[in-house]
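Topology and contacts: notes
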Amino acid sequence: MKRFLKYLSLGLLSTLLTAKPGLSAERISLFYPPFGEFSLPVNSLETFAKEGKIDNDFQFYAQRLTPEQLTQLREFLQQRFNVTPTLISQVTYSPIGEQVLQRLGDIVQTDSRQNGFYALRGALLVSASQPQGVSVINVLRNFPSTNVRLNFSEGVRIFNDLAQFTRIRDKVFASLQQQSLAEVIVTDQNVSQLPDLRSPGKFRWQIASFNLNDRQRDRRLPVDLYIPQTTQDTQGQPPFPLIVISHGIASDRYSFIYLAEHLASYGFAVAVLEHPGSNAKRFEQYFAGLAGPPQPREFIDRPLDIKLLLDELQRLAQSDSRLGGKLNFQQVGAIGQSFGGYTVLSLGGAKINFAQLNQDCNPENSGLNVSILLQCEANQLPPQNYQLQDSRIKAVIAINPISSAVFGENGINQVKLPVMIVAGSQDIFAPPVPEQIRPFSWLPNPNKDLVLIENATHFTLIGDSPRGNNVLPVPSGLLGPERTPAYSYLNALSVAFLSANLLNRPEYRAYLQPSYTQSISQPPLNLSILQSLSSEQLTKIVGSR
């Protein structure tokens, strides 16, 4: 009985926190044989959320939660999301949104024990139209059933899967951090004398802005090009190595201003573009009902956008006085975050793997990796050998990339050039083990770096846009710890990686060692780096107890 009650409370808490369950007006119920029916009035949750009081009905569950869990539960119940009915409609009627609701509906069911898909959608839409807005309590109040039933066995299964998923992630991260620390202990490298690459370099820069137009694909690409300016204090002359930065989904060219400026201060020309089919503007239009959802074609168009950018910059370099002789197209690197990470890996040679997509996108194989839902959109493309690689790109930095299904091992191991992959331990949208760490082990080129940032989330390395384009309603709790230290990590390691691999400056490899990353690491965003990890080693870590 004790074990049952433990799973009951954990299952209830898990469902509340992750599935936004609902009560029609009175009760939420679940049945667990052989112990029978359990239920909780919505009034009890509402009282707890508003006043922090635990009544007799809620006491049964509350006494089985820790104080920390109770605090987290109350904070979540109080959370309000400022979203419009149009936004809710657009998301929940999209292919990805429907898949999410179907999965939630397996747990949150109607009184007749039917999948709660339509009831959840209706409750969300009604809540968004009311002054109270979308909150757990309001969604519960608007659930169109007199009694909401939780599929307890399915909830426990998902909770156990989540617990196992988290244990593996934590074990892998801890093991790789220990491996990195062991390398610090055995080395006698003195990093205290190294110049601080976190500080800006000596170059000033100018920004040249362009609007590129691909008539064939009907794509208009805004581009900002940061061009270093030489002075008497700077070492290095044009042409400057060229770096392209690709933003993530629902983002824009302003998200990595801090990185573009830092690289420009070290003598790199930096081109930051926007992908019109998946940028912040497109999502603003989509959420307002003025455009359709991003299309599967984005998996092809994004790499083609960068190919077009390089083509156009080469053309403009012959006619635009701002560019003449300034850009070195023999030394080109690419940096991308999230969907941008996919983009730059494909430009580096990774191939879309339709066999892997067919396997991973089978509903029976669906798991807790949220990014699979996005990657499976690529499975709607005509299956063919898309030529997305660009030979001008000589090195790639992929930050929180999505890659496990869309590339798989057979797609990733086509990347032959130097690669740095950056992973955050608390990334729930592109989980680090399947999306970054395991793909890193598949890379065949020994010239590779895996950067691990403990407690970093999917959003940690994204800068604050000066235009305030926070299109996605991301709760503050998902942003993670204060992000400034992580910006400095990326600044320093990007300069080192690109200098070593584009400029053939081997002395910069000293910055890509565990002794250096430990020297600049600041808790809670603890920093580690590795150059070696095989699939066999990772399998052994995951399988160990």
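Residues numbered from 1 in each chain as written. Predicted model: local features only at pLDDT ≥ 70, side-chain atom pairs only at ≥ 80, totals over all residues. Heavy atoms only, no water.

- Per an unreviewed UniProt entry, the protein chain goes by the name Alpha/beta hydrolase and belongs to Anabaena azotica FACHB-119.

1. Side note on the layout of surface pockets
- Of the pockets and cavities examined, the second largest pocket occupies roughly 660 Å³.
- Taken together, 28 residues line the second largest pocket, and the ones lying closest to its centre are Phe-203, Gln-235, Tyr-266, Arg-505 and Tyr-508.
- The residue makeup of the lining of the second largest pocket, split by class, is 13 nonpolar, 10 polar and 5 charged. (1 Å grid on protein atoms, 1.4 Å probe; cavity = no way out; pocket = protein on both sides within 12 Å on 5 of 7 lines; lining within 4 Å. Points joined across faces, edges and corners; volume = space filled by probe spheres on them. Nonpolar A, V, L, I, M, F, W, Y, C, P; charged D, E, K, R; others polar.)

2. A look at the packing of aromatic side chains
- Scanning all chains against the criterion turns up 14 aromatic pairs.
- With a centroid separation of 5.1 Å and 75° between ring planes, the pair formed by Phe-299 and Tyr-342 is classed as edge-to-face. With Phe-299 in helix α12 (residues 298-316) and Tyr-342 in helix α13 (residues 339-347), this residue pair connects regions lying 43 residues apart in the sequence. Of the two residues examined, Phe-299 and Tyr-342, each falls in the buried class.
- Ring centres 4.9 Å apart and planes at 80° place the aromatic pair Tyr-511 and Tyr-516 in the edge-to-face group. Across this residue pair, the class does not change: Tyr-511 and Tyr-516 are buried.
- An aromatic cluster is built from Phe-299, Phe-339, Tyr-342 and Phe-407, whose rings are joined through pairwise contacts.
- Positioned above the aromatic ring of Phe-60, the side-chain terminus of Arg-64 is 4.5 Å from the ring centre. (Phe/Tyr/Trp six-rings, centres within 6.5 Å; stacked < 30°, edge-to-face > 60°. Helix = DSSP H or I, 4+ residues; strand = E, 2+ residues; numbered from the N terminus. Buried < 20%, exposed > 50% of the residue type's maximum accessible area, 1.4 Å probe, protein only. Lys NZ or Arg CZ within 6 Å of the ring centre and 35° of its normal.)

3. Comments concerning helix α20 (residues 535-543)
- If you check which residues of α20 are buried, you get Ser-535, Leu-538 and Ile-541. All buried residues of α20 fall inside an arc of 125° around its axis, so they share one side. The exposed residues of α20 that point more than 90 degrees off its buried face are Glu-536, Lys-540 and Gly-543. (Arc of directions from axis to C-beta.)

4. Description of helix α4 (residues 67-78)
- Here α4 is 12 residues long and its end C-alpha atoms lie 17 Å apart, about the 16 Å a rise of 1.5 Å per residue gives.
- For α4, the full list of buried residues reads Leu-70, Leu-73, Phe-76 and Leu-77. Down the axis, α4 shows its buried residues gathered within 130° of arc, on one side only. What points out from α4, more than 90 degrees from its buried face, is the exposed set Pro-67 and Glu-68. (Expected span 1.5 Å × (residues − 1).)

5. A look at the state of the cysteines
- Counted under the stated rule, the structure contains 1 disulfide.
- Shown here is the disulfide that connects Cys-361 with Cys-376, its sulfur atoms set 2.0 Å apart. Given an S-S torsion of about -100°, the disulfide between Cys-361 and Cys-376 has left-handed geometry. Residue Cys-361 is found in the loop between α14 (354-360) and α15 (371-375), and its partner Cys-376 is found in the loop between α15 and β12 (393-399); the two are separated by 15 residues along the sequence.
- The exposure class of Cys-376 is buried, given its relative accessible area of 13%. (Disulfide = S-S within 2.5 Å.)

6. Some remarks on the nonpolar core
- Among the nonpolar cores identified, the biggest contains 72 residues, and Leu-242, Leu-313, Ile-352 and Ile-437 are the most heavily contacted of them.
- Among the elements that take part in this core, α12 stands out by supplying 8 residues, more than any other. (Core = buried A, V, L, I, M, F, W, Y, C linked by side-chain atoms within 4.5 Å.)

7. Section: the sheet that holds strand β11 (residues 327-337)
- Reading across from one edge, β7-β8-β10-β9-β11-β12-β13-β14-β15 is the order of the 9 strands in this open sheet, with mixed pairing throughout. The open sheet has two edge strands with one neighbour each: β7 (204-214) and β15 (527-530). Between one strand axis and the next, the sheet turns by 20° as a mean value, whatever way the strands run.
- For strand β8 (residues 219-229) and strand β10 (residues 269-273), the ladder comprises 4 bridges, and the chain directions are antiparallel. Residue pairing for β10: Tyr-226 is matched across the bridge by Val-270.
- Against the sheet, helix α10 (residues 257-265) touches β7, β8, β9 (240-246), β10 and β11, its axis set at about 40° to β8.
- Here helix α17 (residues 432-442) sits on the sheet and contacts β13 (419-424), β14 (448-453) and β15; the angle it forms with β13, its principal contact strand, is near 155°. (Pairing = 2+ DSSP bridges. Axes fitted to C-alpha atoms, helices over the stretch in contact; angles between N-to-C directions. Contact = heavy atoms within 4.5 Å.)

8. Regarding the environment of Pro-382
- Within the secondary structure layout, Pro-382 lies in the loop between α15 and β12.
- Sequence separation between Pro-382 and Ser-528 is 146 residues; the distance between their C-alpha atoms is 40 Å.

9. A few points about the pairing of β11
- Most of β11 sits inside the fold, with 10 of its 11 residues counted as buried.
- Relative to β11, β9 runs parallel, the two sharing 7 bridges. Its bridge partner lying in β11, Ile-243 is registered against Gly-333.
- Sheet analysis places β11 next to β12, joined by 6 bridges and oriented parallel. By the bridge assignment for β12, Ala-334 is matched with Val-396.

10. Concerning the environment of Ile-257
- Here Ile-257 is to be found in helix α10.
- Residue classification places Ile-257 among the buried residues on the basis of a relative accessible area of 19%.
- Between the C-alpha atom of Ile-257 and that of Ile-462, which follows or precedes it by 205 residues, the distance is 9.5 Å.

11. Remarks on the pattern of salt bridges
- Summed over the entire model, instances satisfying the criterion amount to 25 salt bridges.
- For Arg-322, the salt bridge goes to Asp-320, with nearest N and O atoms at 2.9 Å.
- Judged by relative accessible area, Arg-322 falls into the partly exposed class, the value being 38%.
- When its relative accessible area of 15% is taken as the criterion, Asp-320 is described as buried. (Salt bridge = Lys/Arg side-chain N within 4 Å of Asp/Glu carboxyl O.)

12. Observations regarding a nonpolar patch on the surface
- A cluster of nonpolar residues, Val-370, Ile-428 and Phe-429, forms a patch on the protein surface that exposes about 230 Å² of accessible area.
- Along the chain, Ile-428 falls in the loop between β13 and α17. (Patch = residues over 30% accessible without salt bridge, like charges linked within 9 Å, V, L, I, M, F, W, Y side chains within 5 Å. Areas by Shrake-Rupley, 256 points an atom, 1.4 Å probe, with all protein chains shown as cover.)

13. What about the packing of helix α6 (residues 95-107) against helix α7 (residues 117-129)?
- With their axes 8 Å apart at the nearest point, α6 and α7 run at an angle of 115° to one another. When the axes of α6 and α7 are compared, the pair comes out roughly perpendicular. Two packed elements cross with a definite hand, and for α6 against α7 that hand is right-handed. Judged by residue contacts, Glu-98, Leu-101, Gln-102, Leu-104 and Gly-105 of α6 engage Phe-117, Leu-120, Arg-121 and Leu-124 from α7.
- A per-class count over the contact of α6 with α7 returns 5 nonpolar, 2 polar and 2 charged. (Parallel < 35°, antiparallel > 145°, perpendicular 65-115°, else oblique. Left-handed = near helix turned anticlockwise from the far one by under 90°.)

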